[in-house]
Each structure stands twice: as C-alpha cells, then as structure tokens.
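# Architecture at a glance
Listed below, chain by chain, are the residues.
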Number of protein chains: 8
Amino acid sequence: MNIRTRLVAGSLSGLAVLAGAVAATSPAQAADAAHSARSAHSARVAAAEPVVQTGTLSADAALKIADAVLKEAVKQKQRVSVVIVDRSGATRLVLKGDGAGPQTEESARRKAFTAVSFGRTTSELGKGITGGGPSIADIPGTLFLGGGVPVASGGAPVAGIGVGGAPSGDIDESIAQAGLKAVAGQLR
Amino acid sequence: MNIRTRLVAGSLSGLAVLAGAVAATSPAQAADAAHSARSAHSARVAAAEPVVQTGTLSADAALKIADAVLKEAVKQKQRVSVVIVDRSGATRLVLKGDGAGPQTEESARRKAFTAVSFGRTTSELGKGITGGGPSIADIPGTLFLGGGVPVASGGAPVAGIGVGGAPSGDIDESIAQAGLKAVAGQLR
Amino acid sequence: MNIRTRLVAGSLSGLAVLAGAVAATSPAQAADAAHSARSAHSARVAAAEPVVQTGTLSADAALKIADAVLKEAVKQKQRVSVVIVDRSGATRLVLKGDGAGPQTEESARRKAFTAVSFGRTTSELGKGITGGGPSIADIPGTLFLGGGVPVASGGAPVAGIGVGGAPSGDIDESIAQAGLKAVAGQLR
Amino acid sequence: MNIRTRLVAGSLSGLAVLAGAVAATSPAQAADAAHSARSAHSARVAAAEPVVQTGTLSADAALKIADAVLKEAVKQKQRVSVVIVDRSGATRLVLKGDGAGPQTEESARRKAFTAVSFGRTTSELGKGITGGGPSIADIPGTLFLGGGVPVASGGAPVAGIGVGGAPSGDIDESIAQAGLKAVAGQLR
Amino acid sequence: MNIRTRLVAGSLSGLAVLAGAVAATSPAQAADAAHSARSAHSARVAAAEPVVQTGTLSADAALKIADAVLKEAVKQKQRVSVVIVDRSGATRLVLKGDGAGPQTEESARRKAFTAVSFGRTTSELGKGITGGGPSIADIPGTLFLGGGVPVASGGAPVAGIGVGGAPSGDIDESIAQAGLKAVAGQLR
Amino acid sequence: MNIRTRLVAGSLSGLAVLAGAVAATSPAQAADAAHSARSAHSARVAAAEPVVQTGTLSADAALKIADAVLKEAVKQKQRVSVVIVDRSGATRLVLKGDGAGPQTEESARRKAFTAVSFGRTTSELGKGITGGGPSIADIPGTLFLGGGVPVASGGAPVAGIGVGGAPSGDIDESIAQAGLKAVAGQLR
Amino acid sequence: MNIRTRLVAGSLSGLAVLAGAVAATSPAQAADAAHSARSAHSARVAAAEPVVQTGTLSADAALKIADAVLKEAVKQKQRVSVVIVDRSGATRLVLKGDGAGPQTEESARRKAFTAVSFGRTTSELGKGITGGGPSIADIPGTLFLGGGVPVASGGAPVAGIGVGGAPSGDIDESIAQAGLKAVAGQLR
Amino acid sequence: MNIRTRLVAGSLSGLAVLAGAVAATSPAQAADAAHSARSAHSARVAAAEPVVQTGTLSADAALKIADAVLKEAVKQKQRVSVVIVDRSGATRLVLKGDGAGPQTEESARRKAFTAVSFGRTTSELGKGITGGGPSIADIPGTLFLGGGVPVASGGAPVAGIGVGGAPSGDIDESIAQAGLKAVAGQLR
C-alpha cells in the first residue's frame, strides 16, 4: 500500500502561497498563527489515519546548511552561530562559530524557532512588532530579530534556520539564506 | 441527592456580575485581580471549615471540550493546540493539533492560565495592555493574545481554555468558545 | 444547609481504609499509586457533572497548622520549616522557621508533595524504598524521608504537610503530626 | 513524484523484530539504545533526500487513546493521568484524570518519554535496572516504572503512552495497553 | 541585654531618610539601586569583622503579618496571596488565600522581592517605569505593580511583603500595609 | 560596644557540641537536620523581637578565603573552583580557578550548600550515605563528596565553603580548610 | 613548535577599533552583533588548526578586579555585587557585597554577559534601546542598564565585568571601571 | 611579543600522563577531579599574565567530527546524536541523527560534558561507579554511560565528544572515537 504522507498528499500549495495568506494579517494582531491552508483536508484524513507524517530535515541536509553558513560567514567576515530546529521545536543542529559571542546560541535558536513556528522570516515578522501592546513577541521562545528563515517542504514549514552574531539582522539573514540555498534545490 | 458545593451554596452571583465588577478597572492598572464578589462569605465560612471545596472541570468535560475544539478547528481550517488548566493553575488537558506549530502548546497554556486567573477572556484583558509601563502582562505565566476563555461555575472561574495557532487571536477565541459551548449547558 | 461535596457524598470510606488498600503493595513496586477506593463512583458521576469538587485546606487552617508546628518545634528545640501543598500540588503555605537551614524549604515541600500524592506518611512509604532498582522515589518532586503527613477529608487526601530540619525524620514527623492535630478535629 | 516516507519505505521489520534485537542487551549496560534495524538504509537515502518523514500520532488518535484510557481506569477503579509524546519528545496529549494525584502528570510523561525513546514498555526496561552502577535510568527525562508503552508504526516507535496513578505499575500498564488497543488496529 | 546589631549600631538613619535619598533618582534610570547610606561604615567594620549581622523577620512576625493580611483581605472582600521574602531573597512565608488565583503566588513573591531589593513600595517604584527603554523592570524577579512594601529595621530593608489578587494594585498595597502594621510597632 | 547577636546571646554551645549532638544520628536516617541546640531560646525571644539577626560572612572575609584557597591549590598543584554560600543558601562568592573543569562550579556550590545546611563537613556526612534507601542525599541541592566545610560563628553555621576539582574529596577538603583557616582566628 | 594563539596572531586591532566599527550600527537594529574585524583570518586559519585559543581572564586577575570593585564601592558608599563572566558566558567570579540587595547578583551577571557579548559597555548599548519594537534587549541573558564593561585582550572581548546595586547605572559603571583599571595595564 | 598560550607553554605532558595520574584514584572516591599536572606552573604565571589562553575546538573541526560520526553510525547501522562541548561546558555542536530518539540529545551532551570534565572516557569513569554511596555520578550534568570521549590538546582536555543512541555504550563509544579520529592527527 502506498503510504504517502498526508502532508504531501494534502497540499500542492507552496510556502509562497501560505506566506501570502498570512501576510495579510499584521503580526502584532496575529496571535500565534500557524498556516492553515491545508488544515481542512488534514483533519479529515486524520479520522482515517492514526499516524500522520511530518517532514524533518535530514541530518545530512542540516550539515550541508551548517557548512554553507560557516563559509558565508567567513566570506562576510562575521562570527556567528547557527541553529536548526524542526517543526516540533526540537533541536536538529547547533554550531557555534569560531569567536561567536555567548549570546549567539540562544539568539540563533529563537530565530530558528520563530521562523518554523510562523513560516516566515523573522525580519518580515518583526516589522509588525511595535512594542505597543500584546503581540506574538510575547510568546515564549520567540525572537523577532532578522536572521531566522523557514525551510518549507510540501507546502509546510519543516524546519527553521537561525543565525546570530553579525552586527545587523540583515547580515544574519543573508548568511542564513546562504545556508538555505545549499539544500533548496532539493526541497519540494 | 443534593451535591451542591459550598462555592455554589455561597453565591448566586454569576460570572457576568463578576466580570462586570472587574471591568470597571483598566487591566493596566488592575494588578493581578481575582474576583472578590464572594470573598466575604467564603472567608467567613473558612473560619469554621478547615476544608474548602474548589470546582474543577471533570476529565470527561475536558475531553468534550478538546473534541469540540478539534472539530471547530477543522471547520475553520486552522491548525491549533488547546490547553485547559484548572483554578490552581495545574494542567487538566493538553492536545496538540495536527500540524500545529511548536509555539502553540505554550501559547495556549498561557492563554488558559490568564483566563482562569482573571476570569475574563484574554482578548478583553489585552485591550488594556499598552506597553507603556507596568501592567498585569508582567506577571509570569500570562499571555494577553486572544484565544483564552474562562470556564465559570457557581460564579467563580474553575478552569481556563486556551487555543493557539490560528493567524489571529479572534479566530483562536472563536475556536475556544466552541469548546466552551460543548459543556456550557451543564455548568451552573 | 447541606454542604457536603460530591467527594464526600461519594464515599464513606475513610483514609484508614484507603491506606490499608495501598499498604498491601510494596512502595518499591507500587508505581505512583493514587487512591482508587472511590474512583468508580467519581467517574460515573463525572459523566453527568462537568465540574467536580476538590477539597482544599482553608488558609485559616493552614495558618493554624503552621502555628502549631512552630510551637511544637520550639518545645522540641528544633529549627524547622513547614510547607503545605494541596492535592493539585500547588503551594498552600510555606513558613521558614527561625534558624532553619536553606535546605529545609525544599525538603519540607517534597515531603508534603509526597504525602498528598500517595496519601500516606513519608516514613511509611520510605520503608519500601531500597535503592535496588526503579521505585516511586524516581518520580520527580518526591522525597521519602520522614516528616510528610497527608491531610485527609472525605476519604481522600486534600493536602500534605511537610516538615524539615530536625536531626531525624521521626522528629520532623512528630512535629508535622502536631500541626495536623491542630485541625484534625474539624476534618471529616 | 512519489514521496513515500523513508521510514516506511526503508523497513518491513515490525517493532517485534526491533524489540527482539534490543532485548539481547541488558538495559543496565545498554546506554541509550535507539532502534538501529533500518539505519543503514535511512542514512543512505538521506544523502539524496533533504527531508525525511517522521510518523506522528494524529490528534484524533490521541483523543481516542485518552478516551479508552479513561474508560479502562473507571472500569479498574483507578485514578490516573495519561500523557502521549511523539518521537521528538514533544507533547501530543496530556489528560489528568479525576482525582489523580499531583505526581501523575510528570510520572506519566516520563513513562511515555521512556517508552518512545527505547521502543519497549517501561516494565520490560525496568527489569534490567538494578541501582548498582550507571544505567539508562540516569538519562534525564526517563522513568522505569511500569505504565509506559510504545506506539509503533512502520517498524519504528512513533509515540509513547504513559499512564500513572494506579497502586502498581502493572495496573498502569494494563490501562495504557487498553489505550493502545483503541488505535492498534489502524496502525501499520 | 543589648541585642543591637551592627547594622543597627552603624546607623541611626531610618528608612524614610534612605528612601528620600533614593527618591531623587528616577527609577527608570536608577539601575538596581541598593541603599547606600550606611555603606561606608559597614565596609569599614567589615575589614575587622568577618561576620556581619543581617536582620531577618522572625517566623512569629511573619505569621502575624500573614494573619493580619488575611483579616484585612476578608474585610475588603478580596482574594489574595501574601509572600514575605528576606533581604537575601529567600522565602520567609507564603500563604495562598482562599480562592486566590493561580497567578497570585508568583505576583506576590515578585512584589515582595522588588520591595526588599529597592527598599521602597512597588507602587512608588512603578511610577518611574514607562516602557520606553531599559529600566530596572528588566531585572529578573522584579514586578512593579502595587502591593509590595518593604519592612525596615535599623535603617535597612530586612524583608519585603507582597500581596497579589485584588483588582488593583492600590488595594493590594493597602492589604500589605495592614500586614506591616501588625509588627511595625516592634520594629526599630 | 557590644555587637553580640541574638544568636550568640542565646548560646554558649559551640559548633563542636552541636556537631556532636548530630553525630549521634546516622545521616542516612537523619533527615535534614539543622542544629537545634539553641532553638528553645531563639523561639522564645522571637515572640518578643520581630527581627532576628543572622550572621553572614563579610565580603572581605569571602575574598580572603578565596585568596587562600587559590594559593593552597597552587601549592597542591590542583585546579579547583571555590564557592561560598551563606546560611540562607544565597551565593556569597564564586571563583573558578584557572583550568578548572566545567563541573567544578556546581560541585563546589553544592558542597558549600550541604556544609552550611547540616553544619558539618561533607566528608563526615558522606560516610553515612550508602545508597541503600532514602537518605539526606535525596534533598535537592546537596552533594556528599568531600570538599565542603561549614563556617561557624556564635555556635551556628553562617556559611559553607565548597571546593571542587581535585582528584579526591580529601584534597578538595584540605584546600577548603586552608580557606577557612584564613579567617578562623577572627570567628567567634 | 610555536602555537601562538590564533586570536592574537590574527589581529593587531585593539578594542577601540572594534568598538568603532560596531558603533556605526544602532543597537536597536544591530541584532546580536559580534565583532567581525578579524573573522576572515580566523576562519582561514581554522581550516588548518583544529584547536583555537580563547583568552580568559585569570583567576588572579578576577580577584584583583573584585578587590578593586569592593574598595571603590566603599569609597563611593555603595552596596554592590560584581560578576565576571568569560567569553563563553561561563562564570569567572561572583562576589556579593555587604548589604547588597538580592537582585544584584543577577543584574550584575547580566550586565557582564551583555558587555562581553557585544564588546561595549551596557550604558552605550542601552542608548539604542527604545522599547519600540524588537531589539537586542530581547535576547535572553542580557540587561542594558549601566554597569557592564567588557575586558578586551588582543582585540577581542575576553570577559565582561558587571556591577549592580548603586542607585544609578552611571555609578555602577564607574565602580566597574575601577575594577577594570586594576588589571588594564597588563592587558594587551 | 610572543604570547604563547600558558596552557601549552606550561606543559609537555600529554593526556596519557594526565589520565594516568588520575587513574590511580577510584572514580567513586575521586570527587570531581580535574587534571592537576600543570597547576603549579599555571598559577605562577597567572600572577604575571591576566589573560590565560584556553584551547577550543574550531567550528571546522567540530563539523569534521560530526560528519565522521554520522558516517560511522551509518556503517554500524545505528541512529545516534552527537554533541561536542568545550572545556567551559558551552555547546560547540549538536547534531541529532536521522531517527535518533528524543533522549539522545541530552544523553550525548552529558557524556560529552563528563568526558571533558574529567579528561577520560565515560566508559572508563563508569567502571568505578557502583551506586553504593556518594560518587562523582552525583555531580549535576554528568552521565557515566559509554559514549563520551575527551579531546586533548597541549596536555589538557579542550572538548568532549558525546554520542548517544546505540543499544550499548560500547557502540556509542566506537562511533565517538571515529569522530575523534577525524581530527586527531591535527591535535597536539
């Protein structure tokens, strides 16, 4: 029997579509938004199938990303750490770069967590946070500085890459994107 | 047989009355308000009775709520988690929905905690939080995004239901309210 | 008016009966035993009633216990702390005695937690712990040194009193029992 | 393209085979054993596929298990809590039963965690723990009292069910098994 | 017999003087101010004396305060918790009032901690916190809602009393002040 | 001027007496023993005096001890850390020696905590711990390896010194004793 | 063979240069900036050398700093604590001053952590934090009140000194600077 | 000027010598032994040099080790995680292997921590732990199951590699050793 993952089977919509749908909502009002594009189908199937399949970045892919992040950091002369977490929030990879500060492990982890939670880059999400009232920035484990990028597969975020240590979030994000590029061609 | 509890016996005032009393106070100034409507009676009785009775949602009711939340989430095509905590803050139920993000367990828990702590929905409470100085949002364990609703019985909050994962707090709250509705007819 | 709670209504069996039932099981094999004597009735009722009543020691009773503990400690020339937790594990009272060591708050808390969890004194429970394999002593938050006594009402443990600081668990227990005695006459 | 999950594709061996392989090793010496039967294939595929699929119990299945656990506990007149965690260790479901002690949430969680970590019941695993030197019982988050059972799908553990609160681990396990039975027919 | 402590011996300045000195500094800029009035003398003596004496509220006094807080709360028909911490930040007393919310233990603790840390009421301190940049509100363990009052002896804060649970910080503070009044006559 | 503290005033019995009293009790049975010699007097006085005085090692004395520990460690060619905690368990000093391992900060802290909690050296206390059943070693924050020594003043422990990092507890203790000697002449 | 530290070999630029480079970036936008001046060389060397050398303040130097801080605090009549952390974020030294408040250990630690993380004083860094949106102040473990100063060696931050307890951050910083001065002549 | 690292300058003795010295001590009695061979010189130099150099594995070397661990695990058909920590205990790298259990991250971390703390493999160290009284196994953060190996450079442990997930500690260790071999040729 063919046990194609429900996540894949239930969705042809890519992350772009998903992000677009969410983008209409200001992050400050958004609460803790997950992507809902495929929810209806998913839940319907769930009644029949007790085990759902969740995509997780392979260890090999995680190493490739870390390697690419390291190389890009050298090229940009930055000292950074990189953390990759999966969609359950569990650690996939942590690598503290040479000379990276003690704050970079946790900042990178939270950026990765935030990106995989909301399926968008932390720089985009951060634009909606103003400090004037409750916002998703109040949710534990999140950080809305640039440097977190989601990894999507089958239309759903399967991992988050977080980079911390450069003097600006833009630089951190460009390094994280270089990491993502190393495996992006193989993602669907 | 008459199984009314002392909490019930001591109070005819419903949650509406209670909430009204508190509503006069801006949340930002409110400190950590508990409902005081029945305090005088309670404390007087306490002197005589070493054991007071506290209402707790039954496990059956918790499952009913979770089931209703799941069904409503499918209907609204959302991926959410739901958490129910009792008036002591202890966990009654946690259910992570299919495809819900890693941030949803803790955001749902905090919404539930906040709702049962203050006896009002988190969306109402959040309106008074402006980010301009100390507020009840500084109290550990709280979260003032929409999606938390109190469960009242005998005029006192006995549980909080928190839902997290939809792209806006309004949606989370509507799903939580669907959960509450599943047992509301049986509550006094 | 009749303020009996459902917990009381559902059970005439006192703690002695309960403890007897459990005593037949060696603690080392017992896993995390809760009292089951009234479970059948409770659960049956639960289907009909979404809110169950849980007995909690009143604040007044907690103060009475603390006062009696303090007096007994002076009488026995001991420096102790006392902690009372309710059946949900939440703190009811903490009082650090004059000159009590820094370890006494946590040791007293764990004794109280253990006593209310298993419905027996920690000294009884500790007899079954041998260190030779898995046992209930591996459950987080527990401590099996003498000094923890359960408070029962309506046949169920509603609180635990823990005392720590004396040179032996027997002394700690005798002080905790003095605390219990201060309210025991009023318990049903 | 057909993205069958690697976990499923790579293995025809069921849990029985797996458990057998591990059973040859005494738990006390076993370190933190994961199941290795399909590792070679998995890693080979990983080079080509950056996203691996991990089975997770559906929310519906989790509710079914919780419901069955509750019913069995009533039948056996026990007050228990049940926790289900997925293979990443993340919470899937928590349900505190009526009258269950405050220690049951954490004991049930750890039993579930242990069962999904090692792919065997906690009662089996516990037989090899003697307390005489380092053992897997020293690994944080584990508990080797009866009451934890793994849920297998496609030859790999995808979840752990933990039950705590009965006076013996055997009873806790029989209740957990009743929960597993509720979905076992649908598992592959 | 003369039981004056070195702290007392070294200072005739009361808390009023102390508070006045600190009051000149806006809390938002104040960093974590301790009272410095007597520092010169203390340190000079310290060179000669390896053991300094620190005032701590007695257990009896703590019980008196808790009792007065409870009575005042009944009078004001509020459901509150009270926490007393000593100058080292260690717990002296915790009492959760009947019907007090689950957030009240931690909010009361933090108010007590803040009051004993800075030697002023939390309501005074809170006036200087605006949310517009770094402030002492960023220091872990603090809370700047009304309800925390310092207990001074010999011109130095020796304890903090924190009350949480009323619908406004002003009410919490008036209840805490009633507690302080119960022992104030005996303080020097 | 007479700066004797109430603790001193109430007791002529030194630590030796105290330790002797406790020594009669096997640590394994001892529960969390505090010294009780002067309890009766203390508590009697407490009724009259709301503020009790607790001895604390001065910062100067702490630095002297750390300096002596460092010198002794060099002399013995050991790489160690030293931690001093006061009687409330709060940190007085931490110094990580050059080349000391990452485990030494926490092991030194726990030895210090244990010594000040029970008023005896950790090597003495450790002799009674056999691993065969519940013991004071189960109390959180303790460690019964050699290297922890109490600092007594006025017949009561006022601080604990903990040293960790040498290849045996005896060496750690000898280094800690060298630290104590640096201030012992000034202690009463 | 000559194993000169890569950190030293790769850089003649002092902290001034480094700080200058970073200063061009507003802290509020800066994300978690590490110093990048020498990154290119470092990483190039890394390919050849598996072990890099990290500068750490010696224990002797830490004691000298603590001693100078204490003396300056007495001179300024302030009650403060001082914490020194190394570039990995690990504790080097903690000293709680006589009469310093319970909040000072953690505030001093976070200032030290922040200073060594970003290589600038916390007072400089704090100027860019406005509370109006995400900023580096959201990174766990940081605190942007005055009183944290970095210790640089070989052009890189090797430690952070944090002081807390004075009524303003400026005073805390002046005391921390006095500590730095005690070893500054020996730093390169 | 030549700033050769003091650690290197001060020692020609390799890890073998070091380990030999420690090996004479039974782990069960050993307390938290650090290597003392070069302590005398180190401390003497410290008086002159305020900054000491500590060896840390480069990020490149960490990636090489992780890659080699992954390949060896595939070869041995095991599902493991690998963690590398530096001598300060800070994370250098974490990689969760495909299909590795949820317990493997923490077990691998603790093995790595233990190996770098004591400078020996966890399998060697574990032989001396019997469970019959206090031992170094009581130190927080340690784990004495096979799979932890130290990385030495210049005669001192600079990192620990921990592997967890195979059915026995011997297998875990052989995989960790394969990781070490990937960089061992370059270590001095």
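Residues numbered from 1 in each chain as written. Chains lettered and ligands numbered in written order. Predicted model: local features only at pLDDT ≥ 70, side-chain atom pairs only at ≥ 80, totals over all residues. Heavy atoms only, no water.

### What about the overall build of chain A?
Defined as follows: Each helix is a run of DSSP H or I of at least 4 residues and each strand a run of E of at least 2, with the numbering of both proceeding from the N terminus. For each residue, the accessible area found with a 1.4 Å probe, counting protein chains only, is set against the maximum for its type, and the residue is called buried under 20%, exposed over 50%, and partly exposed in between. Residues are treated as being in contact if the distance between any of their heavy atoms lies within 4.5 Å.
When its secondary structure is counted, chain A shows seven helices and five strands. Start at the N end of chain A and walk to the C end: the helices and strands fall as α-α-α-β-α-β-β-α-α-β-β-α. For chain A, with 188 residues in total, the buried portion stands at 71%. The contacts in chain A between residues at least 6 apart in sequence include a share of 70% that link residues at least 24 apart.

### Structural notes on helix α4 (residues 59–75) of chain E
All names here are of chain E. Our working rule: Given a helix with a known number of residues, its expected span is that number minus one, times 1.5 Å.
Along its 17 residues, α4 runs 24 Å from first to last C-alpha, staying within 8% of the 24 Å computed at 1.5 Å per residue. Considered for burial, the residues of α4 that qualify are A59, A61, A62, L63, I65, A66, A68, V69, L70, E72 and A73. One or two positions beyond α4, positive phi appears at K77, with a value near 55 degrees.

### Some points on the pairing of strand β1 (residues 51–57) of chain F
Counted only if it meets this: Two strands pair if DSSP finds at least two bridges between them.
Burial analysis of β1 of chain F places six of its seven residues in the buried class, which makes it a mostly covered element. In this sheet, β1 of chain F lies alongside strand β1 (residues 51–57) of chain E in antiparallel orientation, the contact comprising seven bridges. Paired with T54 of chain E across the two strands is T54 of chain F, which belongs to β1 of chain F.

### Focus on the packing of helix α4 (residues 59–75) of chain F against helix α4 (residues 59–75) of chain G
Which entries qualify depends on this criterion: For every element, the axis is a line fit to its C-alpha atoms; helices are fit only across the contacting stretch, and the angle between N-to-C directions ranges from 0 to 180 degrees. For classification purposes, angles smaller than 35 degrees are called roughly parallel, those larger than 145 roughly antiparallel, those between 65 and 115 roughly perpendicular, and all remaining angles oblique. Whether a crossing is left-handed or right-handed is set by the direction in which the near helix is turned from the far one by less than a right angle, anticlockwise for left-handed and clockwise for right-handed. All residues other than Ala, Val, Leu, Ile, Met, Phe, Trp, Tyr, Cys, Pro, Asp, Glu, Lys and Arg, Gly among them, are scored as polar; the first ten of these are nonpolar and the last four charged.
Two numbers describe how α4 of chain F lies on α4 of chain G: the axes approach to 11 Å, and their chain directions differ by 165 degrees. By the angle between their axes, α4 of chain F is roughly antiparallel relative to α4 of chain G. Where α4 of chain F crosses over α4 of chain G, the two elements pack in a sense that is left-handed. On α4 of chain G, the residues that touch A59, D60, L63, A66, D67 and L70 of chain F of α4 of chain F are A59, D60, L63, A66, D67 and L70 of chain G. Partitioned by chemical class, the residues of the contact of α4 of chain F with α4 of chain G number eight nonpolar, no polar and four charged.

### Here we look at helix α5 (residues 104–118) of chain C
Residues and elements named next belong to chain C. Helix length check: α5 (15 residues) gives 21 Å between terminal C-alpha atoms against 21 Å at 1.5 Å per residue, within 8%. Here α5 lies mainly inside the structure; 13 of its 15 residues are buried. Directly beyond the C-terminal end of α5, a positive phi value near 70 degrees is found at G119.

### Side note on the sheet that holds strand β3 (residues 91–96) of chain B
Pairing is antiparallel in the open sheet, where eight strands are placed in the order β4(B)-β5(B)-β2(B)-β3(B)-β3(D)-β2(D)-β5(D)-β4(D). Both outer strands of the open sheet, β4 (148–153) of chain B together with β4 (148–153) of chain D, are each paired with one neighbouring strand and no more. Here the average twist between neighbouring strands, direction ignored, is 15 degrees. Of the strand pairs in this sheet, strand β2 (residues 81–86) of chain B and strand β5 (residues 156–164) of chain B are connected by six bridges, and their pairing is antiparallel. Residue pairing for β5 of chain B: V82 of chain B is matched across the bridge by V163 of chain B. Across the sheet, helix α5 (residues 104–118) of chain B is in contact with β2, β3, β4 and β5 of chain B together with β3 (91–96) of chain D; its angle to β5 of chain B comes to roughly 155 degrees. Of the strands in this sheet, β4 and β5 (156–164) of chain D are in contact with helix α7 (residues 169–184) of chain D, which crosses β5 of chain D at around 135 degrees.

### Topic: the packing of α4 of chain G against helix α7 (residues 169–184) of chain G
Residue and element names in this part refer to chain G. Across the interface, α4 lies against α7 with an axial gap of 8 Å and an inter-helix angle of 140 degrees. One element, α4, and the other, α7, form an angle in the oblique class. Viewed along their axes, α4 and α7 form a crossing whose handedness is right-handed. Contacts between α4 and α7 involve A61, K64, I65, A68, V69, E72 and A73 from the former and S174, I175, A178, G179, A182 and V183 from the latter. Its residues placed into classes, the contact of α4 with α7 shows nine nonpolar, two polar and two charged.

### Quick notes on the packing of aromatic side chains
Given two aromatic rings, one states the distance between the centres and the angle between the planes to describe the pair. All names here are of chain G. Let me state the cut-off plainly: Any two of the Phe, Tyr and Trp rings considered here, Trp counted by its six-membered ring, make a pair once their centres fall within 6.5 Å; the pair's planes then place it as stacked at under 30 degrees, edge-to-face at over 60, or tilted in between.
Considering all chains together, one arrives at eight aromatic pairs over all chains under this definition. Between F118 and F144, the ring centres sit 6.2 Å apart and the planes meet at 45 degrees, which makes this aromatic pair tilted. On the criterion of sequence distance, the pair formed by F118 in helix α5 (residues 104–118) and F144 in the loop between α6 (122–126) and β4 (148–153) is long-range, its members being 26 residues apart. In this pair, the class of F118 matches that of F144, namely buried.

### Concerning the pairing of strand β2 (residues 81–86) of chain A
Residue and element names in this part refer to chain A. Summarising burial for β2: six of the six residues are buried, a large majority. Where burial is concerned, the two faces of β2 agree: the one with S81, V83 and V85 and the one with V82, I84 and D86 are both buried. Across five bridges, the pairing between β2 and strand β3 (residues 91–96) is antiparallel. Within the sheet, the bridge partner assigned to V83 lies in β3 and is V94. The turn linking β2 back onto β3 is made up of four residues, and G89 within it adopts a positive phi angle of 90 degrees.

### Here's the deal with the pattern of salt bridges
Residue and element names in this part refer to chain F. Worth spelling out the cut-off: Salt bridge, as applied in this entry: a Lys or Arg side-chain nitrogen positioned within 4 Å of an Asp or Glu carboxyl oxygen.
Counted by the stated rule, this structure contains 64 salt bridges over all chains. Between D67 and K71 there is a salt bridge, with the nearest N and O atoms lying 2.7 Å from each other. With D67 and K71 both in helix α4 and four residues apart, this pair spans about one turn of that helix. A relative accessible area of 31% means that D67 is categorised as partly exposed. A salt bridge links E106 to R110; the nearest nitrogen and oxygen atoms lie 2.9 Å apart. Residue E106 and its partner R110 are located together in helix α5 (residues 104–118), separated by four residues, close to a single helical turn. Its relative accessible area of 28% is what places E106 among the partly exposed residues.

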